[in-house]
Amino acid sequence: MDTARQYQFVVFGASGFTGQFVVEELARVLDGAEFRESRLRWAVAGRNQKRLEDVLSWAAERLSKPQLKSEVGIIICDVSDPPSLDEMCKKASVVLDCVGPYRFFGEPVIKSCVENGAHCVDISGEPQFLEGMYAKYDSQAAENGVYIVGSTGFDSIPADLGVLFTRNSLQGTLTAVESILTFKAGKSGTCIHDGTWQSAVHGVADQGNLKKLRKQLACKPLPVVGKKLKKRGALFYANEVGQYAIPFLGADASVVRRTQRFLHEHHEETPVQYSAYTAVGGVGSAIKLIFAGLLFVLLSKFSCGRKLMIKGGCIHTRSSILEDQAY
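Residues numbered from 1 in each chain as written. Predicted model: local features only at pLDDT ≥ 70, side-chain atom pairs only at ≥ 80, totals over all residues. Heavy atoms only, no water.

## A look at the side chain of aspartate 252
Thought 1: Checked against the element boundaries, aspartate 252 lands in helix H12 (residues 252-267).
Thought 2: One buried charge, aspartate 252, has no salt-bridge partner; the nearest side chain with opposite charge is arginine 258, at 10 Å.
Thought 3: Only 2.6 Å separates the side chain of aspartate 252 from the side chain of serine 156, close enough to count as a polar contact.
Thought 4: Each residue touching aspartate 252, except ones within four places of it in the same chain, is listed here: Phe154, Asp155, Ser156, Ala159, Tyr274 and Ala276. (Helix = DSSP H or I, 4+ residues; strand = E, 2+ residues; numbered from the N terminus. Buried < 20%, exposed > 50% of the residue type's maximum accessible area, 1.4 Å probe, protein only. Lys, Arg positive; Asp, Glu negative; His and termini not counted. Salt bridge = Lys/Arg side-chain N within 4 Å of Asp/Glu carboxyl O. Polar contact = N/O pair within 3.5 Å; in protein donor to acceptor, adjacent residues only side chain to side chain. Contact = heavy atoms within 4.5 Å.)

In structure tokens:
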């Protein structure tokens, strides 16, 4: 990292739902034994001074670190204001971007980071955004010595590093991996975050453009070593978990594929085939999913349908969060 910059880390969107937890975790990690002596400088960034101060107070209370409110800097900037983004990126070695959905708000941050020499890390699980930014900014980022690291959250660390861990833990040559995601609901049930829901709605609606983008990238197919991994159906019974399952709709497969391509082309390593699935439950859940999925796809094709789903999703998400807080 550039130690000459004012801050080593800046959490952009720190007062958002995800940003607040990133602030807490970063404060906890930097207070650990291996980082405490290095005295790394960091800041929170966003549109509202009061909300940023509240996030620092919240993290300080949870970590029993009252000094956090005075140790961490505050930067006021807005994703719709490029000059303010430039000022933030000039001050930071690494920007942790927590402002989503990234298809709407991610590119201005990446553009500013690339132009101003700041590395950028995000938690996007949106394949079109990730692959689009790679196509548009990879060469310029390389020229400027900037790393743009996407999908560093649930999408897609377990999948990407899980494949590498499995390969390194086995003797012989690993040729294929399948993952099946299962869920366990708490007492309050489950809900999906507003930003994730919006990403899903627009992602399904924009599948055609994602296919066009991948044709433009024109990547050569990776060689298949060993037996070819067969794709399972759109809905199938997974004996491994005792539930019905569907293909995982996030970025895991494309992220793993990009990593495997890099390792094969630059380090001549054997590429690992990978498929990702999500468990949905028993027969009843599978039947409900079929009807809900058909309705979801149909509504996502029309602007009014997308608006209806997004509005309904926001209401459900907010009510669920309030119930959790009350509980």
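## Observations regarding the sheet that holds strand S5 (residues 119-122)
Thought 1: With parallel pairing, the 6 strands of this open sheet are ordered in space as S3-S2-S1-S4-S5-S6. Each having just a single partner strand, strand S3 (73-76) and strand S6 (148-149) make up the two edges of the open sheet.
Thought 2: In this sheet, S3 lies alongside strand S2 (residues 42-46) in parallel orientation, the contact comprising 4 bridges. Bridging from a neighbouring strand, glycine 46 pairs with isoleucine 76 of S3.
Thought 3: Each of S2 and S3 touches helix H3 (residues 49-63); the most contacted strand, S3, lies at about 150 degrees to it. (Pairing = 2+ DSSP bridges. Axes fitted to C-alpha atoms, helices over the stretch in contact; angles between N-to-C directions.)

## Examining helix H13 (residues 283-300)
Thought 1: With 18 residues, H13 should reach 26 Å at 1.5 Å per residue; the first-to-last C-alpha distance of 25 Å fits that figure.
Thought 2: Of all the positions in H13, only Ala286, Phe296 and Ser300 are classed as buried. When H13 is viewed along its axis, its buried side chains cluster within an angular range of 85 degrees and face the same direction. Exposed residues lying more than 90 degrees from the buried face of H13 are Val283, Lys288, Phe291, Leu294 and Leu298. (Expected span 1.5 Å × (residues − 1). Arc of directions from axis to C-beta.)

## Re the environment of phenylalanine 183
Thought 1: Secondary-structure assignment places phenylalanine 183 in the loop between strand S7 (176-181) and helix H10 (194-205).
Thought 2: Spatially, the C-alpha atoms of phenylalanine 183 and glycine 281 are 9.1 Å apart, while their sequence positions differ by 98 residues.

## Some words on the environment of aspartate 86
Thought 1: Residue position: aspartate 86 is located in helix H5 (residues 82-91).
Thought 2: Distance from aspartate 86 to serine 112, taken between C-alpha atoms, is 5.6 Å for residues 26 residues apart in sequence.
Thought 3: A distance of 2.7 Å separates polar atoms of two side chains, one belonging to aspartate 86 and the other to serine 112.

## As for the nonpolar core
Thought 1: With 29 residues, the main nonpolar core has Val10, Phe12, Met88, Val95 and Val109 as its most contacted residues.
Thought 2: The set of elements that each furnish at least two residues to this core consists of strand S1 (7-12), S2, H5, strand S4 (92-97), helix H7 (107-116) and helix H8 (127-143).
Thought 3: In terms of residues, this core owes the most to one element, H8, which gives 5 residues.
Thought 4: For methionine 88, the residues in contact, after removing those within four places along its chain, are Val10, Phe12, Ala45, Ile75, Cys77 and Val95.
Thought 5: In terms of nonpolar packing, the next biggest core, distinct from the first, is built from 19 residues, Phe9, Leu30, Val44 and Ala60 among them. (Core = buried A, V, L, I, M, F, W, Y, C linked by side-chain atoms within 4.5 Å.)

## A closer look at the pairing of strand S9 (residues 243-247)
Thought 1: Across 3 bridges, the pairing between strand S8 (residues 236-238) and S9 is antiparallel. Among the inter-strand pairings, phenylalanine 236 is bridged to a residue of S9, identified as alanine 245.
Thought 2: As consecutive antiparallel partners, S8 and S9 are separated by 4 residues, and within that stretch glycine 242 has a phi angle of approximately 65 degrees, a positive value.
Thought 3: Inspection of the sheet shows S9 paired to strand S10 (residues 273-281) by 4 bridges, in the antiparallel sense. Residue pairing in the sheet places alanine 245 in a bridge with alanine 279 of S10.

## Describing unusual backbone geometry
Most peptide bonds are trans, and most residues other than glycine sit at a negative phi.
Thought 1: Each neighbour pair has its own omega, and for glycine 100 with proline 101 the value is 0 degrees, a cis peptide bond.
Thought 2: The residue proline 101 is located in the loop between S4 and helix H6 (102-105) in this model.
Thought 3: For the bond running from aspartate 155 to serine 156, omega is 5 degrees, close enough to zero to count as cis.
Thought 4: Within the secondary structure, serine 156 is located in the loop between S6 and helix H9 (157-169).
Thought 5: Of note in this structure, serine 151 is not a glycine but carries a positive phi near 60 degrees.
Thought 6: Relative to the elements of secondary structure, serine 151 occurs in the loop between S6 and H9.
Thought 7: Even without a glycine there, the phi angle at glutamate 268 is positive, about 55 degrees.
Thought 8: Within the element layout of this structure, glutamate 268 appears in the loop between H12 and S10.
Thought 9: Judged by its relative accessible area of 74%, glutamate 268 is exposed.

## A closer look at the environment of cysteine 113
Thought 1: With respect to the helices, strands and loops of the structure, cysteine 113 is situated in helix H7.
Thought 2: Judged by its relative accessible area of 0%, cysteine 113 is buried.
Thought 3: Linking cysteine 113 and alanine 141, residues 28 residues apart in sequence, is a C-alpha distance of 8.8 Å.
Thought 4: Not counting the four nearest positions on each side in its chain, cysteine 113 is found in contact with Cys89, Val95, Ala118, His119, Cys120 and Val146.

Any link to function would need more than the numbers given here.
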